Amino acid sequence: MSPKRDKKGFLGGLTPTRKMEIAGILIMAIASLILLAVLSYSSTDYSVVRSIPADTIFSPEQSVSQRVDNLLGITGAWIAHLFVHLLFGYMSAIMPLLVLFLGWFVFRDKNLERLLWPAGYGIWSMLLLSTSFGWLYMETDWLTTVWSGSSGVAQAQLLKNVTGAGSAIILSVFLLVTLLVMIDRDLQQTVDRIKGLFENMRNRRARRKERKAQKAQENRTEKSGSVQSGNGKNSAAGESPSVDEVLARSESADQKRSSSDEPPDPTPPKASLDRGKETPKRTSPAGGDQDEDVEISIFVGEGDEEAGDRELDRVNKDKAKEIPVIRYKFPTVDLLDSPPKDGNEVDMEEIRNNKRIILDKLKRHRIEILSINAIVGPTVTLYELEPAPDVKISKIESYANDLKMATASHGLRIIAPIPGRSAVGIEVPNSSRETVFIKSLINTRKFVETDFDLPIAFGKTIENEVFMVDLTRLPHLLVAGATGSGKSVGINTIITCLLYKCHPDDLKFVLIDPKKIELSLYRNIQNHFLAVVPGSEEPIVTDTSKALETLKSVCREMDERYDLLKMAMVRDIKSYNEKYKTGELDDELGHRHLPYIVVIIDELADLMMTAGKQIEEPIARLAQLARAIGIHLVVATQRPSVNVITGTIKANFPARIAYQVASKVDSRTILDMGGADQLVGRGDMLYTNGGGMTRIQNAFVSLQEVEEITSFIGNQVGFKQPFALPVVEEEGEGGVPDPLDDIDELFLSAARVVILHQQGSVSLLQRKLKIGYNRAGRIIDQLFNAGIVGPYQGSSAREVLIESEDELQAIIDELDFS
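What this report covers is the structure whose coordinates are included nearby. (Residues numbered from 1 in each chain as written. Predicted model: local features only at pLDDT ≥ 70, side-chain atom pairs only at ≥ 80, totals over all residues. Heavy atoms only, no water.)

**Quick word on the overall build of the chain**
Now for step 1: Summing up its helical and strand segments, the chain has 28 helices and 17 strands in all.
Now for step 2: For the chain, buried positions account for 44% of its 818 residues.
Now for step 3: When contacts within the chain are restricted to residue pairs at least 6 apart in sequence, those whose partners lie at least 24 apart make up 68%. (Helix = DSSP H or I, 4+ residues; strand = E, 2+ residues; numbered from the N terminus. Buried < 20%, exposed > 50% of the residue type's maximum accessible area, 1.4 Å probe, protein only. Contact = heavy atoms within 4.5 Å.)

**Side note on the packing of helix α1 (residues 16-39) against helix α4 (residues 94-107)**
Now for step 1: Running from amino to carboxyl end, α1 crosses α4 at an angle of 165°, the nearest separation of the two axes being 7 Å. Here α1 is positioned roughly antiparallel relative to α4, judged by the angle of their axes. As for how α1 packs across α4, the hand of that crossing is left-handed. Residues Met-20, Glu-21, Ala-23, Gly-24, Ile-25, Ile-27, Met-28, Ala-31, Ser-32, Ile-34 and Leu-35 of α1 lie in contact with α4, whose contacting residues are Pro-96, Leu-97, Val-99, Leu-100, Gly-103, Trp-104, Val-106 and Phe-107. (Axes fitted to C-alpha atoms, helices over the stretch in contact; angles between N-to-C directions. Parallel < 35°, antiparallel > 145°, perpendicular 65-115°, else oblique. Left-handed = near helix turned anticlockwise from the far one by under 90°.)

**What about the sheet that holds strand β16 (residues 693-698)?**
Now for step 1: Read across the open sheet, the nine strands follow the order β8-β7-β16-β15-β14-β9-β13-β12-β10; overall the sheet is mixed. Lying at the two open borders of the sheet, with one neighbouring strand each, are β8 (466-470) and β10 (507-512). Each strand axis lies, on average, 30° off the axis of its neighbour in the sheet, ignoring direction.
Now for step 2: Bridge count for strand β7 (residues 455-461) against β8 is five bridges, and the pairing is antiparallel. (Pairing = 2+ DSSP bridges.)

**A closer look at the environment of Ile-369**
Now for step 1: Mapping Ile-369 onto the fold places it in strand β3 (residues 369-376).
Now for step 2: The class for Ile-369 is buried, based on a relative accessible area of 8%.
Now for step 3: In this view, Ile-369 contacts Val-294, Leu-359, Leu-362, Leu-385, Glu-386 and Pro-387; residues no more than four positions away in its chain are not counted.

**Quick look at unusual backbone geometry**
Now for step 1: Ala-416 connects to Pro-417 through a cis peptide bond whose omega is -10°.
Now for step 2: Positive phi, close to 60°, is recorded for Arg-366, a residue that is not glycine.
Now for step 3: Along the polypeptide, Arg-366 turns up in the loop between α11 (348-364) and β3.
Now for step 4: Under the relative-accessibility criterion, Arg-366 is labelled exposed at 79%.
Now for step 5: One non-glycine residue, Arg-682, lies in positive phi territory at about 55°.
Now for step 6: With respect to the helices and strands, Arg-682 occurs in the loop between α23 (664-671) and β15 (684-688).

Purely geometric numbers; function is a separate question.
So this is what it looks like as structure tokens:
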């Protein structure tokens, strides 16, 4: 869908955002004028304006405005008479105030639902106050109807007739409750606040009395001290030392102890380290002097800078204004669970023990280590070892099993050497793991301010940094992991990140879920973000036979997009959309805005078992060709065997993620190397994009968070239907109608277009005849049965079998259209 262009009219050249701003300004102006008229009400104005003949209003000889006290002139006098005299008196000023706020909300494009409570409260207060002033007008002589208006007096009279003397009690109770609600909507909390206010007043009085008594006691002490000051020594009279003397003696004793030769106290077993601070710790000897000279420095990554409150919401709001196809609000960060506020606690005792075990084992094999750095991550701690110059790196790697047995930990992994560093890395899982919440990734400046087209924040690295990639640059992703390793949560992480950064007009998902339950929650956003084949019963593909049809439909979409890029003379989807946005491409020729399409397959193994090579062909085609036209694949499986992840698929998926797998063979299948079999599960993963390997703790997204996000999006007004993928009609399946039955009324026009351009293309008929894809496809089939075009040739256009109008006329005469 595209924004409207070339629209004539007074406001035709304005964007919807600018129109809303103009409307907001006009509403605020009208409200301000009404408020001015109400506040400048005069009881004599109405009699004056009633006596003024209509023809004198336009007479230049008489100054009518001088006879009226209202600041808005005659118009203001009529408005003030209506609001103040007839309605609710000066309390009517609440109505233009509410309209003023309405104009501000429209001008700022704020959510109008936030005005419901203030509007209801304001109208209720206006009615209650005018009724109360009307009751006082009837019972006392010190108020006039200017405060209540005629309506307020009528309401008070009705209440008094019905309840009698009880009307005073009812109005008093309503006024008290309305006042308490204005302070706080929770009445119990308001009562507690008032109670606390009285308690604070009592406490302050008690403290003042205590300070007076203390000051009196100090005065008596000073007088007593002056009497004993003759000898100049306070302690000579046998009195006890003061508090200052005790503190001074304590400091002196501490200084003496610190200067002695006694060893300092050992380091406590646990220390909470501030992130980002480099805290080298020299450990004490444990079991000998073999490691006493090796220093260990402990590092905890500072992490990425958090974004300010509502900063992501403000950025997304500006982005939504730029795409006025539908009024869409991005999901807010409030929908996500907040991580605990306490920092990452570092177990110093565990680090010292692991350091001692590593050095002891390597010492036994005569491997000398010069220094150790411990980098504490959410899941594992990386021990960076600097070996002596004469040590062979392969020798350290050969003792991996010995170190696993010594540390008694599953998941120990040796990196020999660490890429880009002259050190060997040993990753040891932490005894207590830190959960990485998705909110701690999304609510960072790195994610908020990114310029990626399809940003995905997977989780945090060992250095506690947010690991983020752009799916458009990968361009496809292969995911594997055993059951329970965190693969499904990882897919939810991918979708969640894209939902928080992409507008529905720019992104569509094709969800294929043979397991039927993993992606079912995303059914709520079908009219916003899902792409389906027309006629599908479900927006999420769960039937394996429908999966093949859907993938072929995506391939057809890919072919059509390449035709559009060819006509537009651009090389990628980004350039095409920019050219279309500026109006350089004509809608009548079939051009349209092209959203990114992300195809997510949650279980490839099940599809390969049922469809085999047939399912591999469209996946391979999309992986090879779909990058330039904005179609990207995320394929996941829990069984990374060679008959599922074939060589053709692996060759076109350089970006891969491996969660915990069962064996080294599975690890080599997905990563081309070992390591995934040593992961510890629950989101612990390895990522590679053809280069090095990065260990990441996947962010956790709960099903409740996914449900709240999809409900927030689904409750908004979206597109009328999901994004429609093209329908693929196979040859020889009864889909081609008989040429003599149900001939389309545009058959002759289509035949002339095909002959003129010598191209039997469905997209050509769409552009020239301005019809849909399905109808153009049926006409092409009729032209084929009539002998005008040749058979189906895949993505290529059909061959045209005739060259002139005379040959076409002969075929028409033979078909006998009469």
